[in-house]
Amino acid sequence: MGRYLLRRLLQLIPVFIGTTFFIFVLVWAVPGDPFAGKCGDRRCPDAYVDFMTDKYKLDQNIFVQYGSYMKNLLQGDFGETFGGRSINEIVVNAYPNTLKLALVALAVEALIGLTAGVLTGLKRNGFLDNLVLVSTLFLIALPTFVTGFVLQWLLGVKWGIAPVTVSSDVSFTELLVPGFVLGSTSMAYIARLARTSIAENRRGDYVRTAIAKGLPMRRVVGVHLLRNSMIPVITFLGTDLGALMGGSVVTEGIFNINGIGREVFRAIITKEGATVVSIVVILVLVYLLMNLLIDLLYAALDPRIRYE
Amino acid sequence: MSDILVSERSEPGADGSGRPSGRLLEVDDLRVEFRTRDGVAKVINGVTYHVDAGETLAVLGESGSGKSVTAQTIMGILDTPPGFVTGGQVRFHGKDMLTMSAEERRRIRGEGIAMIFQDALSALNPVFTVGFQIAEQFRIRRGMSRSDAKKRSIEMLDLVKIPNAKGRFNAYPHQFSGGMRQRAMIAMSLALDPEVLIADEPTTALDVTVQAQIMDLLAELQRERQMGLILITHDLGVVADVADRIAVMYAGRIVEEADVHELYEKPGHPYTLGLLNSIPRIDEKGQQLRTIKGLPPSLLNIPSGCPFHPRCPMVQPVCREKVPPLLQLGGTRASACHFAEEVVNRD
Ligand SMILES: Nc1ncnc2c1ncn2[C@@H]1O[C@H](COP(=O)(O)OP(=O)(O)OP(=O)(O)O)[C@@H](O)[C@H]1O
Ligand code: SF4
Ligand SMILES: [Mg+2]
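Residues numbered from 1 in each chain as written. Chains lettered and ligands numbered in written order. Predicted model: local features only at pLDDT ≥ 70, side-chain atom pairs only at ≥ 80, totals over all residues. Heavy atoms only, no water.

**Student:** Help me understand the overall build of chain B in this model?
**Tutor:** A tally of helices and strands in chain B yields 13 helices and 13 strands. Taking all 347 residues of chain B together, the buried fraction comes to 55%. If you take every contact in chain B between residues at least 6 apart in sequence, the share linking residues at least 24 apart comes to 66%. (Helix = DSSP H or I, 4+ residues; strand = E, 2+ residues; numbered from the N terminus. Buried < 20%, exposed > 50% of the residue type's maximum accessible area, 1.4 Å probe, protein only. Contact = heavy atoms within 4.5 Å.)

What follows is the structure, given as structure tokens:
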């Protein structure tokens, strides 16, 4: 177990370097002068251009640029924007909000999606099953901005039962509706995944054995069936955290949440390469760590899987 | 032997009337069908058998004859849908389990009637330890504490002769060998000291040497605990040593029922005769194995009259028209053949 973990962590290094370098190249290869429009209508003063060029090694090749960037990064320094704002500050302000939003979305999709999936998996072709099938299809088909604007208008403006936008405190209750919007597509997938998994496992021999032992139905389903059926669902949930964080830009825009989605969006428009890279690099790290966590969890849920 | 008594079967309680008979477990004119896309498969067409305390009934028949489905119906683990019980009764201590409340029926499982399955690997839950799955019954059904349940479970593992039972308590099913797994399955099924044990081909998935060990263990436990044992198998060789009575199934019916020795000596149905002839004998080494020609009938479309007639070497015109009822053939035996007497008295 310890050796496995060490090996997996070591494996993360080349993956991390590879993905971040790729992003770095993509971002800095965006055509256009990074100084364009940075200093109002005039050209930027030479002193400023020289300073920034030196700081980001803009006159060197991309490898040197990347190396210098990573060196700073490892020392906890994300650098500055061209406007002189500390990127660390942007990251520290924006990331917790997006993380909160993604966690709420994850909780919502797990709770609603799982409940719907388990209930329909146990009793297929009933009214509830059809309802869930149709509504999940709906959620999968609808783009997030449609769900977002519709719910914002309906719950926030028309009925007034939820805040229209999220305040700067970003409390968890305020995030319920945005979380639902962000998690809605995954929720639909989880409902379907759980439904299929439960329906498949329900016919399993070991479920029959559990019934034949005279266990109450509650226990047969809640312990024997659920534990086996949850394995694919948990895997999905784990990998979804990164996807939710990365995909939060639309939701953050609609509900005016100051998160990484909006920062990345802004940074791309203003050609703030360093900001984009910094935010994405952390996202990559989240993905990689969640993946590792899922693999560990997977083995904990299914003892037949061994760490090798 | 022409004075063999032929009469309609009229044992009390075994006539579909539901009158109590004092028997431990009796299946009475059971009918089950599977409603599938291809049509309605009539899988069980009036099965009647019983088992009493301390007695072993072997249920014999080709693959697909409905042995497992009958057992599943007794246990209440039939896949519904597509499977539906369309008639008959399953009485435990005289009470019909098919009409009692779900809760009442649940209490009989494990404690009154328990079952072991053919493939212990898939029948045990892969994600829980063997110990957990045995102890669970003591905790949930008997309300024991965790530590008491564990102690009792280790005793059960000892009982089925699993070496180092204490150490194996926390092992997962996939960490056991096939034979050990089936032993664990037996331990699990006997945990609540059931009155009847149904063993559905308990040794088919195992190596030949292990098969014998498991059968010996089962027979020994059955004797010690005076259980009623329903042993489902298509292996005639196993049956002779352990069974008291044999019920032979064909196309969802009992075609012959008799004491083991009677049946082996003088089978009363051409199908049984065919089965017996298909066992290779030591003195026939090298000779071609005699098998029953033809295939079992499609249950979507069971032949008219006697369902065995397309394969029967003794078939007569009447066989294609009239369904032979299961008739008492004197003594303790019964056969569902129009010419049962002739079969018994052949040679
Ligand atoms: N879940 C099911 N759905 C549809 N048909 C089924 C189902 N279970 C059993 N059957 C059918 O019922 C018939 C009897 O099956 P059963 O399992 O009782 O046979 P068996 O006598 O136990 O045979 P074997 O020796 O192979 O175990 C078979 O034709 C089978 O196809
Ligand atoms: S009734 Fe006729 S076909 Fe059926 S087993 Fe007897 S002899 Fe054969
Ligand atoms: Mg079977």
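**Student:** Can you help me understand the interface of chain A and chain B in this one?
**Tutor:** One frequent convention defines the size of an interface as the accessible area lost when the parts assemble. Across the boundary between the two partners, chain A contributes 20 residues, which contact 29 residues of chain B. Taken together, the two surfaces of chain A and chain B that pack against each other cover about 2,300 Å², and 57% of this comes from carbon and sulfur. At the boundary of chain A and chain B, one finds 4 salt bridges. Taken together, chain A and chain B are joined by 14 residue pairs in polar contact (both at pLDDT 80 or more). Where the side of chain A that touches chain B is concerned, the elements lending two or more residues are helix 8 (205–212) and helix 9 (217–246) of chain A. At 6 residues, helix 8 of chain A tops the list of elements feeding residues into the side of chain A that touches chain B. Here the side of chain A that touches chain B is built from residues that sort into 8 nonpolar, 4 polar and 8 charged. (Buried area = accessible area lost by both parts, 1.4 Å probe. Salt bridge = Lys/Arg side-chain N within 4 Å of Asp/Glu carboxyl O. Polar contact = N/O pair within 3.5 Å; in protein donor to acceptor, adjacent residues only side chain to side chain. Nonpolar A, V, L, I, M, F, W, Y, C, P; charged D, E, K, R; others polar.)

**Student:** I keep staring at the domain arrangement of chain B and nothing clicks. Help me out?
**Tutor:** Residues and elements named next belong to chain B. Once the domains are mapped, chain B shows domain 1 (19–112 + 193–310 + 334–347) and domain 2 (120–191). Its C-alpha centre places domain 1 at a distance of 28 Å from the equivalent point of domain 2. Counting residues at the interface gives 19 residues for domain 1, matched by 14 residues for domain 2. Taking both partners together, domain 1 and domain 2 bury about 1,400 Å²; carbon and sulfur atoms supply 56% of that area. In this assembly, domain 1 and domain 2 are joined by 3 salt bridges. Ionic pairing is found between Lys161 and Glu220, a salt bridge with its closest N-O pair at 3.1 Å. Elements represented by at least two residues in the side of domain 1 that touches domain 2 include exactly helix 2 (102–108) and helix 8 (208–225). Top contributing element to the side of domain 1 that touches domain 2 by residue count: helix 8, with 8 residues. Here the side of domain 1 that touches domain 2 is composed, by residue class, of 10 nonpolar, 2 polar and 7 charged. (Domains from an automatic or database assignment.)

**Student:** Would you mind going over the side chain of Arg183(B) with me for this structure?
**Tutor:** All names here are of chain B. Inspection of the secondary structure assignment puts Arg183 in helix 7 (residues 178–190). For the buried Arg183, no salt bridge exists, and the shortest N-O distance to an oppositely charged side chain is 8.1 Å, to Glu220. Apart from residues no more than four positions distant in its own chain, Arg183 is found in contact with Val160, Lys161, Ile162, Gln213, Ile214 and Leu217. (Lys, Arg positive; Asp, Glu negative; His and termini not counted.)

**Student:** Help me out: how do you make sense of the side chain of Thr70(B) in this one?
**Tutor:** Residue and element names in this part refer to chain B. Considering the arrangement of structural elements, one finds Thr70 in helix 1 (residues 67–75). With relative accessibility at 0%, the residue Thr70 sits in the buried group. A polar atom in the side chain of Thr70 sits 2.7 Å from the backbone oxygen of Gly66. When sequence neighbours within four positions are dropped, the list of residues in contact with Thr70 reads Val27, Leu30, Ile44, Val47, Tyr49 and Met249.

**Student:** How should a nonpolar patch on the surface be read in this particular structure?
**Tutor:** All names here are of chain A. A contiguous nonpolar patch, built from Phe145, Phe149, Val249, Val250, Phe265 and Ile269 and spanning about 570 Å² of accessible area, is present on the exposed surface. Of all the elements in the fold, those that place two or more residues in the nonpolar patch are helix 6 (144–158), helix 10 (249–255) and helix 11 (260–269). By the element assignment, Phe149 lies in helix 6. (Patch = residues over 30% accessible without salt bridge, like charges linked within 9 Å, V, L, I, M, F, W, Y side chains within 5 Å. Areas by Shrake-Rupley, 256 points an atom, 1.4 Å probe, with all protein chains shown as cover.)

**Student:** Would you explain the site of ligand 1 in this entry?
**Tutor:** All names here are of chain B. If you check the shell around ligand 1, you find 15 residues, and the closest are Ser63, Gly64, Lys67, Ser68 and Val69. Ser63 is positioned such that a nitrogen or oxygen atom in its side chain is 2.4 Å from an oxygen atom of ligand 1. One nitrogen or oxygen atom from the side chain of Glu201 is found 3.0 Å from an oxygen atom belonging to ligand 1. When ligand 1 is considered free in solution it has 630 Å² of accessible area, and contact with the protein chains removes 68% of it. Looking at which element gives the most residues to the shell around ligand 1, the answer is helix 1, with 3 residues. (Near = heavy atom within 4 Å.)

**Student:** Sorry if this is basic, but what is going on with helix 8 of chain A here?
**Tutor:** Each full turn of the α-helix corresponds to 3.6 residues, which orients residues three or four apart in the same direction. Buried residues dominate helix 8 of chain A, accounting for 7 of its 8 residues. Three or more residues of helix 8 of chain A are buried, namely Tyr206(A), Val207(A), Arg208(A), Thr209(A), Ala210(A), Ile211(A) and Ala212(A). Of the surrounding elements, those touching the buried residues of helix 8 of chain A are helix 7 (176–202) and helix 9 of chain A together with helix 1, helix 3 (120–123) and helix 7 of chain B. Positioned one or two residues after helix 8 of chain A, Gly214(A) has a phi angle of 80 degrees, which is positive.

**Student:** For this particular structure, what's the right way to read the UniProt feature "transmembrane region" (unreviewed entry) in chain A?
**Tutor:** Residues and elements named next belong to chain A. The UniProt feature table records "transmembrane region" (unreviewed entry) at residues 12–30, 101–119, 131–155, 175–194 and 276–301. The straight-line gap between the two end C-alpha atoms of residues 175–194 is 25 Å; of that span, 95% is helix and 0% is strand. Secondary structure across residues 276–301 comprises 100% helix and 0% strand; the distance between its end C-alpha atoms is 37 Å. (UniProt positions renumbered as here; feature names shortened; annotations may be inferred.)

**Student:** So what exactly am I meant to see when it comes to the packing of aromatic side chains here?
**Tutor:** Evaluation of the coordinates by the stated rule reveals 8 aromatic pairs over all chains. Aromatic side chains Phe21(A) and Phe63(A) sit 5.3 Å apart centroid to centroid with 15 degrees between the ring planes, which places their arrangement in the stacked category. Separated by 42 residues along the polypeptide, Phe21(A) in helix 1 (residues 2–28) and Phe63(A) in helix 3 (residues 62–74) bring together distant segments of the chain. Look at Phe63(A) and you get exposed, because its relative accessible area is 57%. Three or more aromatic residues joined by ring pairs make a cluster, and in this case those are Phe21(A), Phe24(A), Phe63(A), Tyr66(A) and Tyr69(A). Against the face of Phe84(B) rests Arg35(B), its NZ or CZ located 4.1 Å from the ring centre. Across from the ring centre of Phe176(B), 5.4 Å away, lies the NZ or CZ of Arg168(B), which sits over that ring. (Phe/Tyr/Trp six-rings, centres within 6.5 Å; stacked < 30°, edge-to-face > 60°. Lys NZ or Arg CZ within 6 Å of the ring centre and 35° of its normal.)

**Student:** Explain the site of ligand 2 to me, please; I cannot follow it from the model alone.
**Tutor:** Taken together, His269(B), Pro270(B), Cys306(B), Phe308(B), His309(B), Cys312(B), Met314(B), Cys319(B), Pro324(B), Cys337(B), His338(B) and Phe339(B) make up the full set of residues near ligand 2. Tallied by class, residues from the shell around ligand 2 come to 9 nonpolar, 3 polar and no charged.

**Student:** Whenever I open this one, the pattern of salt bridges confuses me. Can you help?
**Tutor:** Should their charged atoms come close, side chains of opposite charge can pair. For the structure shown, the criterion picks out 27 salt bridges over all chains. Note that Glu136(B) and Arg219(A) form a salt bridge whose closest N and O atoms lie 2.8 Å from each other. Of this pair, Glu136(B) sits in helix 4 (residues 130–142) while Arg219(A) sits in helix 9, each in a different chain. Taking relative accessible area as the criterion, Glu136(B) reaches 0% and is therefore assigned buried. On the accessibility criterion, Arg219(A) (15% relative accessible area) is buried. In this structure, the salt-bridge partner of Arg141(B) is Glu111(B), at a minimum N-O distance of 3.7 Å. Taken as a pair, Arg141(B) in helix 4 and Glu111(B) in the loop between helix 2 and strand 7 (113–116) lie far apart in primary sequence, 30 residues in all.

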